[in-house]
Amino acid sequence: MSYTIGFQAKNQKAVLATEAATANQAIAIIAALRQSSDEIKFIRSPQEGDMGIEMLLLLAKEEAEEMPQRA
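What counts, and at which threshold
- In this numbering scheme, every chain counts its residues from 1 along its sequence in written order.
- Reporting in this predicted model follows two pLDDT cut-offs: at least 70 for local features of residues, and 80 or more for side-chain atom pairs to be given and counted; totals over whole chains, interfaces and linings ignore these cut-offs and use all residues.
- With hydrogens and water set aside, each side-chain value is computed from the structure's full complement of heavy atoms.
- Two aromatic rings from Phe, Tyr or Trp, using only the six-membered ring of Trp, form a pair when their centres are within 6.5 Å; if the ring planes differ by under 30 degrees the pair is stacked, by over 60 it is edge-to-face, and anything between is tilted.
- Should the NZ of a Lys or the CZ of an Arg lie within 6 Å of a ring centre and within 35 degrees of the ring normal, that charge is described as sitting over the ring.
- Secondary structure elements follow DSSP: runs of H or I of four or more residues count as helices, runs of E of two or more count as strands, with numbering from the N terminus.
- Partly exposed describes any residue whose relative accessible area lies between the buried limit of under 20% and the exposed limit of over 50%, with all areas from a 1.4 Å probe on protein chains only and scaled to the type maximum.
- Should any heavy atoms of two residues lie within 4.5 Å, those residues are considered in contact.
- Whenever two N or O atoms come within 3.5 Å, that pair is a polar contact, provided that in protein one can donate a hydrogen and the other can accept it, and provided that, for residues adjacent in sequence, both atoms are side-chain atoms.
- One less than the number of residues in a helix, times 1.5 Å, gives the span that helix is expected to have.
- Taking the helix axis as origin, the arc is that swept by the directions to the C-beta atoms.
- Two strands qualify as a pair provided DSSP detects at least 2 bridges between them.
- In this description, a line fitted to the C-alpha atoms serves as the axis of each element, helices being fitted only across the stretch in contact, and the angle between N-to-C directions of two axes falls anywhere from 0 to 180 degrees.

Inspection of every chain in the model, using the stated rule, returns zero aromatic pairs. A cation over an aromatic ring shows up here: R44 above the ring of F42, its NZ or CZ 4.1 Å from the ring centre.

Okay, here's the thing in structure tokens:
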């Protein structure tokens with residue numbers, strides 16, 4: 001499932017967006033944006049619609065459980 005993360009960089013008015021292929025990638029992007037003091041404006045998925053970070057964390061956990069374990 002793909003995710004779009006909308007954010008606003010500090011000292012800018014425009015809202016920018018970036019894409020992530022998985023929930024885990026989206027969480028990594030959000031963590032990096034938070035470290036740079038960018039404000040998260042939205043998290044969106046075509047399947048789930050708008051969501052919060054808590055929902056994204058739940059989806060990432062489910063995603064990890066569904067992935068086959070490597071030996």
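Following the structure, the description resumes.
A separate point is the environment of T4. As for its position among the elements, T4 is in strand β1 (residues 3–8). Owing to a relative accessible area of 18%, T4 belongs among the buried residues under this scheme. Between the C-alpha atoms of T4 and S45, which are 41 residues apart in sequence, the distance is 6.3 Å. Those residues in contact with T4 that sit more than four places away from it in its chain are A17, T18, E19, F42, I43 and R44. There is a polar contact of 2.7 Å between the side chain of T4 and the side chain of E19.

For helix α2 (residues 53–66), with 14 residues, the first-to-last C-alpha span of 20 Å sits near the 20 Å given by 1.5 Å per residue. For α2, the set of buried residues is L56, L59, A60 and E63. All buried residues of α2 project into a common sector of 105° when viewed along the axis, lining one side. In α2, those exposed residues whose orientation departs by more than 90 degrees from the buried face are E54, K61 and E65. Those residues of α2 that are buried lie in contact with β1, α1 (23–35), β3 (39–45) and β4 (49–51).

Here the focus is the sheet that holds β3. Pairing is antiparallel across the open sheet formed by four strands, whose spatial order is β2-β1-β3-β4. Whereas interior strands pair on both sides, the edge strands pair on one side only; in this sheet they are β2 (16–20) and β4. Strand-to-strand twist in this sheet, taken as the mean axis angle between neighbours without regard to direction, amounts to 30°. Pairing geometry for β1 and β3, over five bridges, is antiparallel. Within β3, the position partnered with I5 by the bridge is I43. Strand contacts of α1: β1, β2 and β3, with the helix running at about 10° to β1, the strand carrying the most contacts. Packing against the sheet, α2 makes contact with β1, β3 and β4, and its axis sits at approximately 105° to β4.

With that settled, consider the side chain of E63. Structurally, E63 can be placed in helix α2. If near-sequence neighbours (up to four positions away) are discounted, E63 is found in contact with T22, A23 and N24.

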